Amino acid sequence: FQFTIFPVLPEISRRSKTFQCIMASVALPPTNIRAAVLSLWKALGGDEDASAGTSFLPPGVKLHSDSSGRVSQIIWNHMNLSGSMPASLPPELEGLTLLWLHSNDISGGLPECMPATLETLWIHGNPRLKGKVPRSFAKLTKLKYFFKHSTNLDCPRNDLRGLERTQAFLQTP
């Protein structure tokens, strides 16, 4: 699953402008990982052309450094995303440690099921996010940073005991 891209000078023909590329060495994510990331990207309102026709991922996605191809980070801040949060994240994102979606216009509630590996969740600045923070968040033992200010999410402390260890859990403006 590797290919190489070496850009060369554009070849301009009389009929059309074309760019030639020679393949370069790049490790590609497994197809199921790419499909999972793209489904989340599209659900959140990401530009469908961001990686159309390629084997690449949308911008802001970082893979683990091992050869598993698992996603470790998604950073989609200030991306003008205006879709809805899905009911659950794809299971292929089980290794996700960081999810930054702040300063967009995402709507809906938070997914009931988040990866157990999640350490950082920044969703502030999405005023159309609403509802209760799911009780299942209390089981996210690795979650250290959770910023939800400037949303309409309700977060009753009694429902989420166990997240006291989380810094800035109930951060408000």
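Residues numbered from 1 in each chain as written. Predicted model: local features only at pLDDT ≥ 70, side-chain atom pairs only at ≥ 80, totals over all residues. Heavy atoms only, no water.

Would you mind showing me how to read the overall build of the protein here?
Along the backbone of the protein there are one helix and 13 strands. Pairs at least 24 residues apart make up 43% of the contacts formed inside the protein by residues separated by at least 6 positions. (Helix = DSSP H or I, 4+ residues; strand = E, 2+ residues; numbered from the N terminus. Contact = heavy atoms within 4.5 Å.)

Please explain helix α1 (residues 31–43) as it appears in this structure.
The periodicity of an α-helix, 3.6 residues per turn, causes residues three or four places apart in sequence to face the same way. With 13 residues, α1 ought to run about 18 Å at 1.5 Å a step, and its terminal C-alpha atoms sit 18 Å apart, in line with that. Within α1, burial applies to Ile33, Arg34, Ala36, Val37, Leu38, Leu40 and Trp41. Each element contacted by the buried residues of α1 is listed here: β7 (61–63) and β8 (71–75). Gly45 occupies a position one or two residues after α1 and carries a positive phi of about 90°. (Expected span 1.5 Å × (residues − 1). Buried < 20%, exposed > 50% of the residue type's maximum accessible area, 1.4 Å probe, protein only.)

What exactly am I supposed to notice about the confidence of the model for the protein here?
Caution applies to low-pLDDT regions: their predicted coordinates should not be interpreted in detail. Across the protein, the average pLDDT comes to 76, with 68% of residues at or above 70. Mean pLDDT across the elements of the protein ranges from a minimum in strand β5 (residues 21–22), with 33, to a maximum in strand β9 (residues 98–100), with 95. A low-confidence stretch, residues 1–26 stays under pLDDT 50, and its non-local contacts, those more than four residues away or across chains, total 35 contacts. (pLDDT = per-residue confidence, 0-100.)

What should I look at first to understand unusual backbone geometry in this one?
Peptide bonds are, in most cases, trans, and in most cases residues other than glycine have a negative phi. Even without being glycine, Asn80 reaches a positive phi, approximately 60°. Checked against the element boundaries, Asn80 lands in the loop between β8 and β9. Overall, Asn80 belongs to the exposed group, its relative accessible area being 68%. Phi angles above zero are rare outside glycine, and Ser150 is one such case at about 60°.

Just to check I follow, could you spell out the sheet that holds strand β10 (residues 120–122) for this structure?
Backbone-to-backbone hydrogen bonds join strands into a sheet, with any given pair of strands oriented parallel or antiparallel. A sheet is described by the order of its strands in space; here five strands give the open sequence β7-β8-β9-β10-β12, paired in mixed fashion. Looking at strand neighbours, the two that pair on one side only are β7 and β12 (145–147), the edges of this open sheet. Ignoring which end each strand starts from, the neighbouring axes of this sheet average 10° apart. (Pairing = 2+ DSSP bridges. Axes fitted to C-alpha atoms, helices over the stretch in contact; angles between N-to-C directions.)

How do you make sense of the packing of aromatic side chains when you look at a structure like this?
Overall, the coordinates contain four aromatic pairs when judged by the stated rule. Measuring from centroid to centroid gives 4.4 Å for Trp100 and Trp122, while their planes differ by 10°, and the two rings are stacked. Of this pair, Trp100 sits in strand β9 while Trp122 sits in strand β10; the two residues are 22 residues apart in sequence, bridging distant segments of the chain. A relative accessible area of 22% places Trp100 in the partly exposed class. Joined through ring pairs, the aromatic side chains of Trp100, Trp122 and Phe147 make up one cluster. (Phe/Tyr/Trp six-rings, centres within 6.5 Å; stacked < 30°, edge-to-face > 60°.)

Can you walk me through the nonpolar core in this structure?
Nonpolar side chains in soluble globular proteins generally cluster together in the buried interior. In terms of nonpolar packing, the biggest core is built from 32 residues, with Ile74, Trp76, Leu99 and Leu121 touching the most fellow members. Where this core is concerned, the elements lending two or more residues are α1 and β8. Residue contacts for Ile74: discarding those within four places in its chain leaves Leu40, Gly60, Val61, Leu93, Leu96, Leu98, Leu99 and Trp100. (Core = buried A, V, L, I, M, F, W, Y, C linked by side-chain atoms within 4.5 Å.)

Just checking my understanding: could you explain the side chain of Ser136 for this structure?
Along the chain, Ser136 falls in the loop between β11 (130–132) and β12. From its side chain, Ser136 meets the backbone oxygen of Glu112 in a polar contact 2.3 Å long. Dropping the residues within four chain positions of it, Ser136 is found in contact with Glu112 and Cys113. (Polar contact = N/O pair within 3.5 Å; in protein donor to acceptor, adjacent residues only side chain to side chain.)

Where do I start with the pattern of salt bridges in this structure?
Once the charged atoms of two side chains with opposite charge are near each other, the side chains can pair. For the coordinates displayed, the defined rule picks out one salt bridge. Here Asp105 makes a salt bridge to Arg128, at a shortest N to O gap of 3.1 Å. Linking Asp105 in the loop between β9 and β10 with Arg128 in the loop between β10 and β11, this pair joins segments that are 23 residues apart in sequence. For Asp105, a relative accessible area of 30% corresponds to the partly exposed category. (Salt bridge = Lys/Arg side-chain N within 4 Å of Asp/Glu carboxyl O.)

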